[in-house]
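# Observations on the model geometry
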Amino acid sequence: MKILLVEDDRRAAEYLARGLTDLGHVITHAYDGEAGLTLAMAGGFDAIVLDRMLPKLDGLEIVKRLRADGASVPVLILSALDEVDERIQGLRAGGDDYLTKPYHLEELTARLEALARRHGEVAPSSRVVIADLELDTRNRRVSRAGRKIELTAREFQLLEFLMRHAHQVVTRTMILEGVWDYHFDPKTNVIDVHISRLRQAIDKGFEKPLLHTVRGAGYTISEDP
Amino acid sequence: MNRVSLARSSIARLALLYTLVLAASMVAVLGTAYVLTSRIIERGTEQLIGAEAQGLAEDFQKNDLDSFVNLIVQRADDPWVRGGVYELRGPSGDFLAGNVVAMPDAKKSSNGWIEFEVTTSRHDENIGRRIRAKITDLSNGFHLLVGRDVQDRQTFRHVMLQSLGWAIAATLVFGLIGGFWLSRRISRTAAAISANAARIASGAPGERLPTTGSGDEIDGLIGRFNELLERVDTLTATLRAVIDSTAHDLRGHLNRIRGAAQDTARLLTTEAQTQAQTQVLTEIDRLGATLQGLLRIALAESGTAPLESVDFSSVVQDLYELYEPTAPGRLSASIAPHLLVRGHRQLLAQAVANLIDNALKYGLDQPVQLQLTQVDQQARLEVHDGGPGIPEESRELALHRFRRLPGASGLPGSGLGLSLVAAVARLHQAELRFADNDPGLTVILNIPLQQETTAAPEPGH
């Protein structure tokens, strides 16, 4: 992915750029808002990582101008401010996701990949298929190898979220945000327990597991581990 | 909104007191006028009678009895024109002349004054008249009564008393009507101010109380109040700026530290080194979580978190569903639906999560019950556990930051969970308290329900 990183904290930017480069991404770096906006307007990026507070031009202002200009490139806003209400402002301004510092590199890359993937997608289909697992949102049916699987409403939402992010890593916080719409640290292993219940439902009795744990990052649904 | 009842209104009490004082002063003024006037009239009558009686006594000395009798007859001739009453009696009490039928039996006072009623017939009509008279002892045992009709004085007294009564009644009626109107007007204004103030207090920063434009004392008061609000807003904004810049600074540092620690991965060659790096990262994350907790508490306490209409029932239901699988069979819930509160969904969710997490963690594997009910105008969340509970004397302490009670040391936790709940409760003007679950602890969170109508009445000016 070609990623534009707009971050005035040079050292933090350097660590992040190195981490992302190691993962095979190409990073362009801007250290202030104006330079960031100029580069972003020029286009050619798959995603933008934008610090919320920047010298010369505020992060939110950059997103607003980009959106006003018709640019649809996915923007992940990084912020050192608490997300509980800053997040809403960030998304309202046109950001696609919001992450609070200090972040885990795994969390940031998982979110970036999800954003970039979603951006390339056409309108989401009501039917999602991974290997022999099928999910239909219209009649809320799930089946694997033609066998109907009974899920609770929440388990269905969780499976849909995972399947719409198939072959990508989704973190626990992404799941809590995407499925429950809560943005706090649940402290305990709540998400793991829900995943293990879902795993019981969709993988038990089948030779090939589809729901995999990605150590140190989260989960992924895929035919290959 | 706290509408003060008229009976409890200080303005109404003041108006009533004022009316009573006004009525009392009316009694004093009119009463004094009455007493003084009637005394002057009485004195005039007495002087007139005294002078005439004295003159007649002198005539009695100078003239013989017959001509004196004639004189009396003459004077008594047309008593109602001159208003005079006369009677002369001889030594044996026999009637000699006059226009009164008989010397009345009325007791005379020591100086000879008497008062009595006579009935005279005039134009075929019996009229009762009040007479004031003086009985003079003439020489040789003769008695002369000279009197005057004082019916006018009586009428005056009557009219005076009547008007006094009317004046008091009018004062009371107008005073009470005026007082009622005044207190209604002022209490309406006060209620409007109080409703607006309550709205601003429950999270409408930047808003001010509307002045009435009349420039009166109430406007002055509203002005002072708005200055206070201005000051509160400034302080809140400063506080928020401090929180934000602290957050920005500390999180920035922590982010660089985490980035550096993670970046060392490329230098690590041995398993021991990797383990050390993992430990460092874990500690950084723990520090990050603590910082996050503190900042959330500060945010909740600053009162700057934006509030909106939140279905608290669905928040509690979500959290119940989220935590239920972590302790299968232990967690149960009974949740009244659609309890709307004015709140911050994320902070409320975090507070409920902390309460459930605590109950499961400290509840000694005993069942934990969530209960959400409506009690009066409040949503009441109760979290019951079967653990050791918190002794009465430690309950206040449990809400303090970083305070971990004995028995908690072996369990993971930062000591911020309950203080966050307390801060969130304050943000929502909610009450947080502990009760005994016998055995175990019950945590009770009472959040005011959202008012159906939030529009404040206009000041009744």
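All values reported here derive from a predicted model rather than from experimental measurement. (Residues numbered from 1 in each chain as written. Chains lettered and ligands numbered in written order. Predicted model: local features only at pLDDT ≥ 70, side-chain atom pairs only at ≥ 80, totals over all residues.)

Looking now at the overall build of chain B. Helix and strand counts for chain B stand at ten helices and twelve strands. Counting all 461 residues of chain B, 27% fall into the buried class. Contacts in chain B between residues at least 24 apart in sequence constitute 64% of all its contacts with a sequence separation of at least 6. (Helix = DSSP H or I, 4+ residues; strand = E, 2+ residues; numbered from the N terminus. Buried ≥ 20, exposed ≤ 12 C-beta atoms within 10 Å, placed from the backbone. Contact = placed C-beta atoms within 7 Å.)

A word on the interface of chain A and chain B. The partner chain B presents 34 residues to the 31 residues of chain A that form the contact. Going through the elements one at a time, helix H1 (10–22), helix H4 (83–93) and helix H8 (190–203) of chain A are the ones with two or more residues in the side of chain A that touches chain B. The biggest single contributor to the side of chain A that touches chain B is H1 of chain A, with six residues. Partitioned by chemical class, the residues of the side of chain A that touches chain B number 16 nonpolar, five polar and ten charged. (Nonpolar A, V, L, I, M, F, W, Y, C, P; charged D, E, K, R; others polar.)

Right, let's get into the environment of Asn 437 of chain B. Residues and elements named next belong to chain B. Tracing the backbone shows Asn 437 in the loop between strand S11 (431–436) and strand S12 (441–448). Taking C-alpha positions, Asn 437 is 9.7 Å from Pro 388, a pair spaced 49 residues apart along the chain. Apart from residues lying up to four places away in sequence, Asn 437 is in contact with His 384, Asp 385, Gly 386, Gly 389 and Thr 442.

Here we come to the pairing of S11 of chain B. Where S11 of chain B meets S12 of chain B, six bridges bridge the pair, whose relative direction is antiparallel. Counted as the bridge partner of Asp 436 of chain B is Leu 441 of chain B from S12 of chain B. (Pairing = 2+ DSSP bridges.)

What follows concerns the packing of helix H2 (residues 33–42) of chain A against helix H3 (residues 59–68) of chain A. All names here are of chain A. Here H2 crosses H3 at 20°, and the two axes come no closer than 10 Å. It follows that H2 is roughly parallel to H3 by the angle criterion. The two elements H2 and H3 meet at a crossing, and its hand is right-handed. Facing Gly 33, Gly 36, Leu 37 and Ala 40 of H2, the residues of H3 in contact are Ile 62, Arg 65 and Leu 66. Across the contact of H2 with H3, the residue classes tally to four nonpolar, two polar and one charged. (Axes fitted to C-alpha atoms, helices over the stretch in contact; angles between N-to-C directions. Parallel < 35°, antiparallel > 145°, perpendicular 65-115°, else oblique. Left-handed = near helix turned anticlockwise from the far one by under 90°.)

This brings us to the nonpolar core. Counting residues in each nonpolar core, the largest one holds 112 residues, and the members touching the most others are Leu 50 and Leu 76 of chain A together with Val 352, Ile 356 and Val 424 of chain B. If one sorts the elements of this core by residue count, helix H8 (residues 345–362) of chain B sits on top with eleven residues. Residues Val 85, Tyr 86, Ile 131 and Leu 145 of chain B belong to the second largest nonpolar core, which totals 16 residues. (Core = buried A, V, L, I, M, F, W, Y, C linked by C-beta atoms within 7 Å.)

On to the pairing of strand S5 (residues 97–100) of chain A, then. All names here are of chain A. With burial as the criterion, each face of S5 is covered, one bearing Asp 97 and Leu 99 and the other bearing Tyr 98 and Thr 100. The pairing of strand S4 (residues 75–79) with S5 spans four bridges and is classified as parallel. Directly across from Ile 77, in S5, lies its bridge partner Tyr 98.

Attention now goes to the sheet that holds strand S7 (residues 331–335) of chain B. Residues and elements named next belong to chain B. A sheet is described by the order of its strands in space; here five strands give the open sequence S7-S9-S10-S12-S11, paired in mixed fashion. Every interior strand has two partners, whereas the edge strands, S7 and S11, have only one. For this sheet, the mean angle separating the axes of adjacent strands, direction not counted, is 15°. Where helix H7 (residues 312–323) meets the sheet, it contacts S7, strand S9 (368–375), strand S10 (378–384) and S12, and its direction lies at approximately 165° from that of S7. Across the sheet, H8 is in contact with S9, S10 and S12; its angle to S10 comes to roughly 25°.

Another aspect to go through is unusual backbone geometry. Note that the residue after Lys 101 of chain A, namely Pro 102 of chain A, is joined by a cis bond; omega there is -5°. By the secondary structure assignment, Pro 102 of chain A is in the loop between S5 and helix H5 (105–120). With omega at -5°, the peptide bond leading from Asp 438 of chain B into Pro 439 of chain B counts as cis. Assignment of secondary structure puts Pro 439 of chain B in the loop between S11 and S12. At Asp 181 of chain A, a residue that is not glycine, the phi angle is positive and equals roughly 60°. Along the chain, Asp 181 of chain A falls in the loop between helix H7 (172–180) and H8. Residue Asp 181 of chain A is classed as exposed on the basis of its 11 C-beta neighbours within 10 Å.

A few words now on the sheet that holds S4 of chain A. All names here are of chain A. A sheet is described by the order of its strands in space; here five strands give the open sequence S2-S1-S3-S4-S5, paired in parallel fashion. In the strand order of this sheet, the two ends are held by strand S2 (26–30) and S5, each with one partner. On average, each strand axis in the sheet is inclined to that of its neighbour by 20°, with strand direction left out of account. As defined by bridge partners, strand S1 (residues 2–6) adjoins strand S3 (residues 47–51) across four bridges and the pair is classed as parallel. Residue Val 6 lies in a different strand from S3, and its bridge partner there is Leu 50. Taken strand by strand, H1 contacts S1 and S2, and its axis lies near 165° from that of S2. Helix-sheet contacts for H3 involve S3 and S4, and the interaxial angle to S3 is about 150°.

With respect to the helices and strands, Thr 264 of chain B occurs in the loop between helix H5 (217–263) and helix H6 (271–302). The spacing of Thr 264 of chain B and Gln 277 of chain B is 13 residues in sequence and 7.8 Å in space, taken between C-alpha atoms.

Here we come to H6 of chain B. The periodicity of an α-helix, 3.6 residues per turn, causes residues three or four positions apart to be oriented the same way. Given a rise of 1.5 Å per residue, 32 residues ought to cover 46 Å, and the 46 Å separating the end C-alpha atoms of H6 of chain B matches this to within 8%. Just beyond H6 of chain B, the residue with positive phi is Gly 303 of chain B, at close to 70°. (Expected span 1.5 Å × (residues − 1).)

Turning to the confidence of the model for chain B, a few remarks are in order. The predicted coordinates of low-pLDDT regions are not to be read in fine detail. All names here are of chain B. The predicted model of chain B has a mean per-residue pLDDT of 82, with 87% of residues at 70 or higher. When the criterion is pLDDT under 50, residues 453–461 qualifies, and its contacts beyond four places in sequence or with other chains add up to 21 contacts. This prediction of the complex comes with two scores: 0.69 for pTM and 0.88 for ipTM. (pLDDT = per-residue confidence, 0-100.)

Here we come to H5 of chain A. Between the first and last C-alpha of H5 of chain A there are 23 Å, a value that for 16 residues agrees with the 22 Å anticipated at 1.5 Å per step. Here H5 of chain A has its buried residues at Leu 105, Thr 109, Ala 110, Arg 111, Leu 112, Glu 113, Ala 114, Leu 115 and Ala 116 of chain A.

Before going further, it helps to spend a moment on the packing of H1 of chain A against H5 of chain B. A pair of packed helices is characterised by two quantities: the angle between their axes and the separation of those axes. Running from N to C, H1 of chain A and H5 of chain B cross one another at 35°; their axes reach a closest spacing of 9 Å. At the point where H1 of chain A passes H5 of chain B, the crossing takes the left-handed sense. Of the residues in H5 of chain B, those touching H1 of chain A at Arg 11, Ala 12, Tyr 15, Leu 16, Arg 18 and Gly 19 of chain A are Asn 255, Arg 256, Gly 259, Ala 260, Gln 262 and Asp 263 of chain B.

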